[in-house]
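# Summary of the model geometry
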Number of protein chains: 2
Amino acid sequence: MKKTIITISRQFGSGGRTVGRMVAEKLGIPFYDKELVEQVALESGFAPKFVEEHGEHSPGKSLLSYAFAPQGVPGVMKGLSTADFLWNIQCGVILQLADQGPCVIVGRNADYILKDRKDVLHVFIHADMPYRADRIVRLYGDSEKSPESRLKEKDKRRAVNYQHYTGRDWGASENYDICINTATIGVEQAAELILNLLKDE
Amino acid sequence: MKKTIITISRQFGSGGRTVGRMVAEKLGIPFYDKELVEQVALESGFAPKFVEEHGEHSPGKSLLSYAFAPQGVPGVMKGLSTADFLWNIQCGVILQLADQGPCVIVGRNADYILKDRKDVLHVFIHADMPYRADRIVRLYGDSEKSPESRLKEKDKRRAVNYQHYTGRDWGASENYDICINTATIGVEQAAELILNLLKDE
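Given the structure is predicted, the values throughout are model-derived calculations rather than measurements.

## Digging into the interface of chain A and chain B
With 23 residues of chain A at the interface, the matching set in chain B holds 23 residues. The largest contributions to the chain A side of the interface with chain B come from Ser173(A), Asp177(A) and Gln189(A), which together make up 27% of the buried area. At the junction of chain A with chain B, the criterion picks out zero salt bridges. If you look at where chain A meets chain B, you find nine residue pairs in polar contact (both at pLDDT 80 or more). Looking at the side of chain A that touches chain B, the elements that each hand over two or more residues are strand 4 (120–126), strand 5 (178–181), helix 9 (182–185) and helix 10 (187–200) of chain A. Broken down by element, the residue count for the side of chain A that touches chain B peaks at six residues, all from helix 10 of chain A. The class makeup of the residues in the side of chain A that touches chain B is ten nonpolar, eight polar and five charged. Across three bridges, the pairing between strand 5 of chain A and strand 5 (residues 178–181) of chain B is antiparallel. Each bridged residue has a counterpart across the sheet, and for Ile180(A) the counterpart in strand 5 of chain B is Ile178(B).

Pasting the structure below:
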């Protein structure tokens, strides 16, 4: 079956988002990254910033209390933790976007959420620590923490979140159609490779 | 740095060996699979069949006694277990082959053994259980055990062996430049993709 939807899961700093944007632009199809966050924010009532930080990074057993929930939300959440509530909305939004047609979706465990659709190509983008450390300093500047400890923290949080909601190991090759190391293959060539795969089918 | 050596690690039944052979034939470079087993056999004094079965599949703490070692070998093994002894020879043979020039090496943890060379492309080939089960029955016929249990056993033994000698997780994408799912991408297209990657550098 022809694959027209692409999910891009990526290690922080690996350039996965850039790869996704390149693919979407080249194909002239929607690219969902921040847009997805905004949609989840809209449907949940949470602020986009909050959704962004907790959509991929918080463990299921959130320590957040309903105190953070916007007005009217606690009733809707029906006893779910904030993280579980956001997860449910995120699943709904992603399934809906896929139903609308060809697109590229970055992150948010979309690989798992869309695992049963045959028209989806699942990509994982990763790179070694030195490459990613250099890249995040260039793109986002320095911070109090070393780039390595920022990366380690992000990696850990994504892995915990992924494991919790999918029961699968983050970065295990078996969850994807293709995994690409941008430190050795390069960001542009990764995008090209994906485009070739879609073309050849 | 241009990559001229390709290591192919693969799940049993995924078609990784076929992908490797296609790449080697197309590039006109040596393909080491059985040939590697024969070289290790020659240098160790063990029978090729024994090397094949234990080179990737036995845990480090082998239960095999020296009783299985060929004449003259126990003295040379200097207290190493059979598995550790074979591992050492395997490392030496693989490093030597890589020094001789461009080639494709299938299996035998060559990805780890050659991890410090910059001229090596590390590939992992995998596929889901139904695809592999169907493939091994077509290629190797039926056996007393179900194809699924044969696959599970092989997967487990390779994972244990890999973990023991490399300290890394078998099939974790971060150990490779590229991981390809042949069940969805296809064997021929996987070979083509690798050839493209080598060409573009």
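Still to come is the rest of the account.
## Thoughts on the pairing of strand 3 (residues 103–106) of chain B
All names here are of chain B. The alternating pattern of strand 3 places Cys103 and Ile105 and Val104 and Val106 on opposite faces, both of which are buried. Pairing of strand 2 (residues 31–32) with strand 3, which is carried by two bridges, proceeds in the parallel orientation. In the sheet register, phenylalanine 31 faces strand 3, and the bridge partner there is valine 104.

## Concerning helix 1 (residues 16–27) of chain A
An α-helical segment advances 3.6 residues per turn. Residues three or four places apart therefore align on the same side. Residue and element names in this part refer to chain A. Between the first and last C-alpha of helix 1 there are 17 Å, a value that for twelve residues agrees with the 16 Å anticipated at 1.5 Å per step. Among the residues of helix 1, Gly16, Val19, Gly20, Val23 and Ala24 are the ones counted as buried. Buried residues of helix 1, seen end-on, are gathered within an arc of 130° and therefore sit on one face of the element. Every exposed residue of helix 1 that faces more than 90 degrees away from the buried side is listed here: Glu25 and Lys26. Residue glycine 28 follows helix 1 closely and has a positive phi angle near 65°.

What counts and what doesn't
- Residues numbered from 1 in each chain as written.
- Chains lettered and ligands numbered in written order.
- Predicted model: local features only at pLDDT ≥ 70, side-chain atom pairs only at ≥ 80, totals over all residues.
- Heavy atoms only, no water.
- Contact = heavy atoms within 4.5 Å.
- Buried area = accessible area lost by both parts, 1.4 Å probe.
- Salt bridge = Lys/Arg side-chain N within 4 Å of Asp/Glu carboxyl O.
- Polar contact = N/O pair within 3.5 Å; in protein donor to acceptor, adjacent residues only side chain to side chain.
- Helix = DSSP H or I, 4+ residues; strand = E, 2+ residues; numbered from the N terminus.
- Nonpolar A, V, L, I, M, F, W, Y, C, P; charged D, E, K, R; others polar.
- Pairing = 2+ DSSP bridges.
- Buried < 20%, exposed > 50% of the residue type's maximum accessible area, 1.4 Å probe, protein only.
- Expected span 1.5 Å × (residues − 1).
- Arc of directions from axis to C-beta.

Geometric values such as these leave the question of function open.
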